[in-house]
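Analysis of the macromolecular model
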Amino acid sequence: MTIFGITVSMAVVWLVLAVIFLIIEGITVGLATIWFAAGAFVALLLSLFDVPVMVQAAVFLIVSLVLLFSTRKIFVEKLKAGSEKTNVDALIGREGMVTAGIAPFAPGQVKVGGQIWTAVGPDPELSISEGTLIQVQAVEGVKLVVAPKDCR
């Protein structure tokens, strides 16, 4: 193959494509281009045995698409990327206790997981007295939105 007047082996072309797909995968971590890198490696192996370029290209597409559609879902489920709650999102659903009463239109404080948080009720007009068991419904900025445990 000739590129810009330079004769280049198809093995080099497939290797460069595989590296590009791997770099894109490393940047995006979307489990999409990794399968095209695998297809490029298979095509690279075929080019080493002087298989015609059209066959290499067809095998590249077939291998890439088969891997993409048959294994991507399995790997996404196995890796469970982004499915586990972390940091403050993990507080949603947890129980705690009001340590400083929540008045209408004024925040109070709650203790959840051994930490004191500023908290408001789900309704701005709701008051929740000190000592009430609560459950965290949401996180808004640095405040927890809580509801009395007996209201759920």
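Summarised in this report is the structure supplied together with it. (Residues numbered from 1 in each chain as written. Predicted model: local features only at pLDDT ≥ 70, side-chain atom pairs only at ≥ 80, totals over all residues. Heavy atoms only, no water.)

**As for the sheet that holds strand β4 (residues 108-112)**
- The mixed closed barrel is built from five strands, whose spatial order is β3-β4-β5-β7-β6. If you compare each strand with its neighbour and ignore which way they point, the axes differ by 55 degrees on average.
- Two elements, β4 and strand β5 (residues 115-120), share five bridges in a ladder whose sense is antiparallel. Residue pairing across strands places Val110 opposite Trp117, the latter belonging to β5. (Pairing = 2+ DSSP bridges. Helix = DSSP H or I, 4+ residues; strand = E, 2+ residues; numbered from the N terminus. Axes fitted to C-alpha atoms, helices over the stretch in contact; angles between N-to-C directions.)

**Digging into the environment of Gly39**
- Of note, Gly39 is situated in helix α2 (residues 34-48).
- Measuring from C-alpha to C-alpha, the distance between Gly39 and Ala58 comes to 9.8 Å, with 19 residues separating the pair along the chain.

**Notes on the packing of helix α1 (residues 10-28) against α2**
- It is at 8 Å that the axes of α1 and α2 come closest, and there the two elements cross at 165 degrees. Compared by their axis directions, α1 and α2 come out roughly antiparallel. Between α1 and α2 the crossing geometry is left-handed. The residues of α2 that touch α1, namely those facing Met10, Ala11, Trp14, Leu15, Leu17, Ala18, Phe21, Leu22 and Glu25, are Ile34, Phe36, Ala37, Ala40, Phe41, Ala43, Leu44, Ser47 and Leu48.
- Here the residues of the contact of α1 with α2 sort into 16 nonpolar, one polar and one charged. (Parallel < 35°, antiparallel > 145°, perpendicular 65-115°, else oblique. Left-handed = near helix turned anticlockwise from the far one by under 90°. Contact = heavy atoms within 4.5 Å. Nonpolar A, V, L, I, M, F, W, Y, C, P; charged D, E, K, R; others polar.)

**Comments concerning α1**
- Between its first and last C-alpha, α1 extends 27 Å over 19 residues, near the 27 Å set by a 1.5 Å rise per residue.
- Taken residue by residue, α1 has Met10, Ala11, Val13, Trp14, Ala18, Phe21 and Glu25 as its buried positions. Projected onto a plane normal to the axis of α1, the buried residues spread over an arc of 160 degrees and lie on a single side. Among the exposed residues of α1, those oriented more than 90 degrees off its buried face are Gly26 and Ile27.
- The residue sitting at the N-terminus of α1 and contributing the capping side-chain oxygen is Ser9; that oxygen lies 3.1 Å from the backbone nitrogen of Ala11.
- Phi turns positive, to about 50 degrees, at Val29, one or two residues after α1. (Expected span 1.5 Å × (residues − 1). Buried < 20%, exposed > 50% of the residue type's maximum accessible area, 1.4 Å probe, protein only. Arc of directions from axis to C-beta. Polar contact = N/O pair within 3.5 Å; in protein donor to acceptor, adjacent residues only side chain to side chain.)

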